[in-house]
Amino acid sequence: MSPINNGSLRPSAFLLVGIPGLETTQHWVAIPLCFMYIVALLGNGIVLFVIRTDPSLHEPMYVFLAMLTITDLVLSTSTLPKMLSIFWLGSREIGFHACLTQLFFIHASSLVESGILVAMALDRYVAICNPLRHVAILKISTVAKIALLVLVRGLVVIAPLPLLLRRLPFCQAYIIPHSYCEHMAVVKLACTDTTVNAAYGLLVALLVGGLDGMSITLSYVMILQAVFGLPSTQARLKALSTCMSHICIILMFYVPGFFSFLVHRFGQNVPNPIHILLANLYLLVSPMLNPIVYGVKTKQIRSRVTRLFHVRGP
């Protein structure tokens, strides 16, 4: 049966290919992806539990980290279960509205995560460049307002994407050469002019993503200036160590994200299997490594997790 509704140019469902070109072997690819997803669930769950139950961690940095873990859980869970069902069970069909819902959560979570990384860069800037006023500047009420702004921005900016897609006719094109419903992958199936959709997606990526990237870069330029101005070598090393974990998280999030974005629009020469594999990893690498990096680099979380799993002898 054709997924196209009778008398309508809107499909009742799309078919997700998985990894184009690797259909016969993608069930093996699913094994490391599944492992990464389990690590992401456990790691983020543990970090969230530790922050929630330890009053000493109820500070701006850890509030933002808790938001980051929740966002990572939403981002990975909105894609991986369906992806694994494609790879292992051959369940490729996804309903039209389910596809738009998945698309919304993927892109909104990515935008929220980008905003959280900006907020964390701001927190590091205040903590290192103005430590005596850190508590006064980033009060709990201020942190709550920043968190609400980041969340609302992500939801409001991404909301037009599925709304714009709903108005497009898709004729007989309903096979998505991807493992999940990505905005441009769906837009390319439409059999009409998609300039508005493509332009809005480009505007969001360049304007919002670009502004976030510039804000983070500016914050760390000022942070590094302050760090290298510290009189003590030990103090400089401690400050740099604190910043390195955040810089690693930023690179893991932005580099594959911008690669996927650019390939969809300008990377016709990039082989499809490589593009889709990297796009899949983009949704898992950050959620998997964020709790590991922060767990290893943050003494308070590391010691709390150690106590949590410490088993006393008889």
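Going by the structure above, here's the rest.
Each value, and the rule that gives it
Residues numbered from 1 in each chain as written. Predicted model: local features only at pLDDT ≥ 70, side-chain atom pairs only at ≥ 80, totals over all residues. Heavy atoms only, no water. Axes fitted to C-alpha atoms, helices over the stretch in contact; angles between N-to-C directions. Helix = DSSP H or I, 4+ residues; strand = E, 2+ residues; numbered from the N terminus. Parallel < 35°, antiparallel > 145°, perpendicular 65-115°, else oblique. Left-handed = near helix turned anticlockwise from the far one by under 90°. Contact = heavy atoms within 4.5 Å. Nonpolar A, V, L, I, M, F, W, Y, C, P; charged D, E, K, R; others polar. Buried < 20%, exposed > 50% of the residue type's maximum accessible area, 1.4 Å probe, protein only. Disulfide = S-S within 2.5 Å. Salt bridge = Lys/Arg side-chain N within 4 Å of Asp/Glu carboxyl O. Phe/Tyr/Trp six-rings, centres within 6.5 Å; stacked < 30°, edge-to-face > 60°. Pairing = 2+ DSSP bridges.

What follows deals with the packing of helix H1 (residues 26-53) against helix H2 (residues 60-77). It is at 9 Å that the axes of H1 and H2 come closest, and there the two elements cross at 150 degrees. Viewed along their axes, H1 and H2 adopt a mutual orientation that is roughly antiparallel. Crossing handedness for the pair H1 and H2: left-handed. Where H1 abuts H2, its residues Tyr37, Ala40, Leu41, Asn44, Val47, Leu48 and Ile51 lie against Tyr62, Leu65, Ala66, Thr69, Ile70, Asp72, Leu73, Ser76 and Thr77. Split into classes, the residues belonging to the contact of H1 with H2 amount to 11 nonpolar, 4 polar and 1 charged.

A few words on the environment of Asp54. Among the structural elements, Asp54 can be located in the loop between H1 and H2. Taking the relative accessible area as the measure of exposure, Asp54 reaches 11% and is therefore buried. Residues Asp54 and Thr306, 252 residues apart in the sequence, show an inter-C-alpha distance of 13 Å. Non-local contacts of Asp54, meaning those with residues more than four positions away in its chain, are made with Arg304 and Arg307.

A word on the environment of Val227. Within the secondary structure, Val227 sits in helix H9 (residues 195-228). For Val227 and Val305, which are 78 residues apart along the polypeptide, the C-alpha to C-alpha distance reads 29 Å. Other than its neighbours up to four places away in sequence, Val227 contacts Ile128, Arg236, Ala239 and Leu240.

Each disulfide is one covalent bond, formed between the sulfur atoms of two cysteines. A complete count under the given rule lists 2 disulfides for this structure. Sulfur-sulfur distance for the disulfide between Cys99 and Cys181 comes to 2.0 Å. On the sign convention where negative means left-handed, the S-S torsion of about -120 degrees between Cys99 and Cys181 marks this disulfide as left-handed. Remark: Cys181 occurs in the loop between strand E3 (175-176) and helix H8 (183-187) and Cys99 occurs in helix H4 (residues 96-129); sequence separation between them is 82 residues. Neither Cys99 nor Cys181 differs from the other in exposure class; each is buried. In the protein, the bonded cysteines, numbered by position in the sequence, are linked as 1-3, 2-4.

Bringing the side chain of Lys82 into the picture now. Looking at where Lys82 falls in the secondary structure, it is placed in helix H3 (residues 80-89). Sequence-distant contacts of Lys82, that is, excluding residues within four places in its chain, are made with Leu16, Ser91, Arg92, Glu93, Ile94 and Gln102.

For the rest of this paragraph, the subject is the pattern of salt bridges. Inspection of every chain in the model, using the stated rule, returns 2 salt bridges. A salt bridge links Arg124 to Asp123; the shortest N-O distance between them is 2.8 Å. Residue Arg124 shares its accessibility class with Asp123, and that shared class is buried. Between Arg153 and Asp212 there is a salt bridge; the shortest N-O distance is 2.8 Å. Of this pair, Arg153 sits in helix H6 (residues 140-158) while Asp212 sits in helix H9, placing them 59 residues apart in sequence.

Counting across every chain of the model gives 6 aromatic pairs. Taking 5.7 Å as the distance between ring centres and 75 degrees as the angle between the ring planes, the aromatic pair formed by Phe104 and Phe105 counts as edge-to-face. When its relative accessible area of 39% is taken as the criterion, Phe105 is described as partly exposed. Aromatic pair Phe253 and Tyr282: ring centres 5.9 Å apart, planes at 40 degrees, arrangement tilted. Of this pair, Phe253 sits in helix H10 (residues 233-266) while Tyr282 sits in helix H11 (residues 272-297), and the two are 29 residues apart along the sequence. We note that Phe253, like Tyr282, is buried.

Another aspect to go through is the pairing of strand E1 (residues 13-16). Side chains Ala13 and Leu15 of E1 all project onto a buried face; the interleaved residues Phe14 and Leu16 project onto the opposite face, where all are buried too. With 3 bridges connecting them, E1 and strand E2 (residues 93-95) associate as antiparallel partners. When the sheet's bridge partners are listed, Leu15 is paired in E2 with Glu93. Pairing of E1 with E3 involves 2 bridges; the strand directions are parallel. Looking across to E3, one finds that Leu15 is bridged to Ile175.

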